[in-house]
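Below are the chains, spelled out letter by letter.
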Amino acid sequence: TNEITKGHKEMPSYDFKKVEMEVLPSSIERIEVFEGMTIEELAAKLDRSLKNEIAGKGYVIATNCLAMGVDPYVATAIILHETGCRANCSKLVQQCNNVGGQKGYPTCGSGAFKSFSTLDDGIRGFVNNLYKNYYAYGLTTVEMIAPKYAEGNTWAGKINWYVDVIKN
């Protein structure tokens, strides 16, 4: 042996996959953010109901709702009802990235509906609208939101149906 390796001990051999399986899960804290779910679990649950143009947007909806204190089931239910995206998304979604029938500037085409640069911006705007115009005033249930949000008296029942579909 030469002077460099004299007294050097071999490194023990480890099965790193086994170490990872045994050590990492117990050392990572599970952070529950909504009804016993992590943000990833909540996003995946929302994603199961999101189709077409809004498919895969559960994380955007979940994070924005939780940041604003808006129920993510209610927000997703309203998005599904207002966009029709369980079948084919409305032109408002397709052309203007508007998921909640929001009005405002800049407008989409010649109508009064607001246009958003991206679908994520449209979702953020929608959740912000729910917070600013409903939740901030204590209107935190579908039944409380309905009279101000929709004209018909069947809207709350439809939104609650979507909430049940999303939850289950």
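Once a new chain begins, its residue numbering starts again from 1 and follows that chain's sequence as written. Only residues with pLDDT of at least 70 get local features here, since the model is predicted, and only at 80 or more are side-chain atom pairs given and counted; chain-wide, interface and lining totals rely on the full set of residues. Only hydrogens and water are set aside; all other atoms, that is, all heavy atoms of the structure, feed into the side-chain values.

1. Here's the deal with the nonpolar core
In a soluble, globular protein the nonpolar side chains are often hidden away together inside. Ile-54, Tyr-73, Ile-78, Phe-126, Ile-145 and Trp-155 are the most contacted members of the largest nonpolar core, which has 42 residues in total. Counting residues per element, the ones that place at least two in this core are helix 2 (39-47), helix 3 (58-68), helix 4 (72-83), helix 6 (119-133), helix 7 (142-149) and helix 8 (155-167). Note on conventions: DSSP H or I runs of at least 4 residues are helices, E runs of at least 2 residues are strands, and numbering of each starts at the N terminus. Among the elements that take part in this core, helix 4 stands out by supplying seven residues, more than any other. What Phe-126 contacts, discounting residues up to four positions off in sequence, is Ala-75, Ile-78, Ile-79, Val-99, Gly-100, Gln-102 and Tyr-149. Side-chain atoms within 4.5 Å are what join buried Ala, Val, Leu, Ile, Met, Phe, Trp, Tyr and Cys residues into a set we call a nonpolar core. Buried means the residue's accessible area, taken with a 1.4 Å probe over protein chains only, is under 20% of the maximum for its type, while exposed means over 50%, and partly exposed covers the values in between. By the convention used here, residues are in contact when the closest approach between their heavy atoms is within 4.5 Å.

2. Quick notes on the pattern of salt bridges
Whenever a carboxyl oxygen of Asp or Glu lies within 4 Å of a side-chain nitrogen of Lys or Arg, that contact is scored as a salt bridge. Considering all chains together, one arrives at four salt bridges under this definition. Among the ionic pairs, Asp-120 bridges to Lys-57, the shortest N-O distance being 2.6 Å. With Asp-120 in helix 6 and Lys-57 in the loop between helix 2 and helix 3, this pair connects stretches of sequence that are 63 residues apart. Look at Lys-57 and you get buried, because its relative accessible area is 19%. For Asp-121, the salt bridge identified is with Arg-124, shortest N-O distance 2.7 Å. With Asp-121 and Arg-124 both in helix 6, this residue pair falls three residues apart, about one helical turn. Taking the relative accessible area as the measure of exposure, Asp-121 reaches 30% and is therefore partly exposed. Residues participating in the shared-partner salt-bridge network are Arg-30, Glu-32 and Glu-41.

3. Quick look at unusual backbone geometry
Along the chain, Tyr-105 connects to Pro-106 via a cis peptide bond; the corresponding omega equals 0°. Even without being glycine, Glu-35 reaches a positive phi, approximately 45°. For Glu-35, a relative accessible area of 54% corresponds to the exposed category. We note that Asn-97 has phi near 55°; this positive angle belongs to a residue other than glycine. Inspection of the secondary structure puts Asn-97 in the loop between helix 5 (91-96) and helix 6. Asn-97 gets classed as buried once you look at its relative accessible area, which sits at 18%.

4. A short note on the packing of helix 3 against helix 6
Axes here mean lines fitted to C-alpha atoms, for a helix over just the part in contact, with angles spanning 0 to 180 degrees between N-to-C directions. In the contact formed by helix 3 and helix 6, the axes pass within 10 Å of each other and the chain directions differ by 30°. The angle between helix 3 and helix 6 falls in the class roughly parallel. With respect to the hand of their crossing, helix 3 and helix 6 are arranged in right-handed fashion. Taken together, the residues of helix 6 that come into contact with helix 3 (itself represented by Val-60, Ile-61, Asn-64, Cys-65 and Met-68) are Asp-120, Ile-123, Arg-124, Val-127, Asn-128 and Tyr-131. Under this grouping Gly is polar, as are all residues other than the nonpolar Ala, Val, Leu, Ile, Met, Phe, Trp, Tyr, Cys and Pro and the charged Asp, Glu, Lys and Arg. For the contact of helix 3 with helix 6, the residue count by class is seven nonpolar, two polar and two charged. Here roughly perpendicular refers to angles of 65 to 115 degrees, roughly parallel to angles under 35, roughly antiparallel to angles over 145, and oblique to all remaining angles. Take the far helix as the reference: if the near one is turned anticlockwise from it by less than a right angle, the crossing is left-handed, and if turned clockwise, right-handed.

5. A look at the layout of surface pockets
It is the rolling of a water-molecule-sized probe over the atoms that shows where space remains empty. Within this scheme a cavity is a closed region of a 1 Å grid, computed over the protein atoms alone, that accommodates a 1.4 Å probe without allowing it to escape, whereas a pocket is open but has protein on both sides within 12 Å along at least five of seven lines; lining residues each have an atom within 4 Å of a point. Grid points are joined across faces, edges and corners, and a volume is the space filled by probe spheres set on the points. Computed from the structure, the largest pocket encloses a volume of approximately 380 Å³. As for the largest pocket, its lining consists of 18 residues, and the residues nearest its centre are Gly-100, Gly-101, Gln-102, Lys-103 and Asn-129. A per-element tally of the lining of the largest pocket places helix 6 first, with five residues. In terms of residue class, the lining of the largest pocket is built from six nonpolar, seven polar and five charged.

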